[in-house]
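Given next are the chains, with one letter for each unit.
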Amino acid sequence: MEIISEIAGMRRRIAALPRPIGFVPTMGALHAGHLALASAARSACASVVVSLFVNPLQFAPHEDLARYPRDLAGDCAKLEAVGTTLLFAPDAAQMYPPGFMTSVEVGAMGGRYEGVARPTHFRGVATVVAKLLAIVTPDRLYLGQKDAQQTAILRRMVTDLGFATQVEIVPTVREADGVAMSSRNVYLSAEERREAVSLHRALVTLRDRLQEGASKAEAIEEASAKLGSLARLEYLDVVDAQSFDALDALRPPAFVIGAARFGQTRLLDNLWIQK
Ligand code: AMP
């Protein structure tokens, strides 16, 4: 696997790569969820490009940018093992040199749910992914269902801005107990980690009760009761899979979504109801 950290070098290398090119943007600290995206790209594309960049634009000043887990050597070994062709690992000066001022503004979809807790987050995500798409020019962009609102926003951005890439969504990879894999799970204490599964259980209850015909208010109340005593719930809801508009009943394709804090760590999760 080749590793490139400069945009000019990427452009030269990309021009020579066999197509289709599959692209997986990440912030590193890779786990089996990220690797599922790279493997999906590997099985459908001639070349697999992964980016590793802890994007400062998508962190608010009080968030965990400085302590976000980093493990370049470990990440390279994992990417190599799943057949990655090329790793793009720029630093912040390469991506945002002095004078950088352009950003991608996302619409109303970016202001709800995750956007309430993190008002500038999706602008930062959309801006970096737009820049990465301009550099990598992939035929297919692989995103995780784990970050469902992000995938809906980026799918919209790809359409709205006319990027010539197809968006592929890969199902969430979970730990044995059902907790969605996340680079941030390492922040959880042993007790918080044991309780983290209650967010997944709440989503399963919400989905099942809606499917059984319960009212949304009833289903959310029952689902909330599944949360452990350490959990501080931020939201539980059912939304349209494309627009992320709240639904008053389960109308697929939809997501049941939730976020809760366990100690200092915010976890989010969802279930995808496709039909
Ligand atoms: P991140 O490094 O957290 O920015 O994630 C990079 C990509 O991996 C995003 O498209 C995520 O949605 C995806 N991803 C993260 N966790 C998982 C998971 N547990 N299963 C599948 N995809 C995931």
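Look up a bit, the structure's there.
This write-up is about the structure you can find in this document.

Rules used in this analysis
- Residues numbered from 1 in each chain as written.
- Predicted model: local features only at pLDDT ≥ 70, side-chain atom pairs only at ≥ 80, totals over all residues.
- Heavy atoms only, no water.
- Helix = DSSP H or I, 4+ residues; strand = E, 2+ residues; numbered from the N terminus.
- Expected span 1.5 Å × (residues − 1).
- Buried < 20%, exposed > 50% of the residue type's maximum accessible area, 1.4 Å probe, protein only.
- Salt bridge = Lys/Arg side-chain N within 4 Å of Asp/Glu carboxyl O.
- Near = heavy atom within 4 Å.
- Polar contact = N/O pair within 3.5 Å; in protein donor to acceptor, adjacent residues only side chain to side chain.
- Areas by Shrake-Rupley, 256 points an atom, 1.4 Å probe, with all protein chains shown as cover.
- Nonpolar A, V, L, I, M, F, W, Y, C, P; charged D, E, K, R; others polar.
- Contact = heavy atoms within 4.5 Å.
- Phe/Tyr/Trp six-rings, centres within 6.5 Å; stacked < 30°, edge-to-face > 60°.
- Pairing = 2+ DSSP bridges.
- Axes fitted to C-alpha atoms, helices over the stretch in contact; angles between N-to-C directions.

Take helix α6 (residues 121-136) next. Its 16 residues place the ends of α6 22 Å apart at the C-alpha level, agreeing with the 22 Å of an ideal helix rising 1.5 Å per residue. Among the 16 residues in α6, 13 count as buried, and that is most of the element.

This part is about the pattern of salt bridges. All told, the structure shown has 18 salt bridges when counted by the stated rule. Its salt-bridge partner being Asp 139, residue Arg 19 comes within 2.9 Å of it at the nearest N-O pair. Of this pair, Arg 19 sits in the loop between α1 (7-16) and β2 (21-26) while Asp 139 sits in the loop between α6 and β5 (140-144), and the two are 120 residues apart along the sequence. Its relative accessible area of 41% is what places Arg 19 among the partly exposed residues. Residue class for Asp 139 comes out partly exposed when judged on its relative accessible area of 26%. What emerges from the salt-bridge pattern is a single network uniting Glu 114, Glu 234, Arg 261 and Arg 266.

Another aspect to go through is the site of the ligand. In the vicinity of the ligand, 16 residues are found, and the nearest of them are Met 27, Gly 144, Asp 147, Val 173 and Met 181. One nitrogen or oxygen atom from the main chain of Met 27 is found 2.9 Å from an oxygen atom belonging to the ligand. Here the ligand loses 92% of its free accessible area of 490 Å² to cover by the protein chains. Of all the secondary structure elements, the ones that give two or more residues to the shell around the ligand are β2, α2 (32-44) and β5. With three residues, α2 is the single largest residue contributor to the shell around the ligand. Considered class by class, the residues forming the shell around the ligand number eight nonpolar, six polar and two charged.

Bringing helix α3 (residues 72-81) into the picture now. Of all the positions in α3, only Gly 74, Asp 75, Cys 76 and Leu 79 are classed as buried. Packing partners of the buried residues in α3 comprise β1 (2-4), α2, β3 (47-52) and β4 (86-88). The first or second residue beyond α3 is Gly 83, which carries a positive phi of 85°.

What follows concerns the packing of aromatic side chains. Applying the stated criterion across every chain, the model contains seven aromatic pairs. Ring centres of Tyr 113 and Phe 244 lie 6.2 Å apart, and the angle between their planes is 70°; on these two criteria the pair is classed as edge-to-face. Of this pair, Tyr 113 sits in the loop between α4 (92-95) and α5 (114-117) while Phe 244 sits in the loop between β7 (231-240) and β8 (254-262), placing them 131 residues apart in sequence. Judged by relative accessible area, Tyr 113 falls into the buried class, the value being 12%. Geometrically, the ring pair formed by Phe 255 and Trp 272 is stacked, given 5.7 Å between the ring centres and 25° between the ring planes.

This brings us to the sheet that holds β5. Picture the strands of a sheet paired through backbone hydrogen bonds; they go either parallel or antiparallel. An order of β1-β4-β3-β2-β5-β6 is seen for the six strands of this open sheet, with the pairing classed as parallel. Each edge of the open sheet carries a strand with a single partner, namely β1 and β6 (166-170). Between one strand axis and the next, the sheet turns through 25° on average, direction left out of account. Sheet topology note: the β2/β5 ladder contains two bridges and is parallel. Across the sheet, residue Gly 22 finds its bridge partner in β5, namely Arg 140. Lying on the sheet, α1 is in contact with β1, β2, β3 and β4; it crosses β4 at an angle near 155°.

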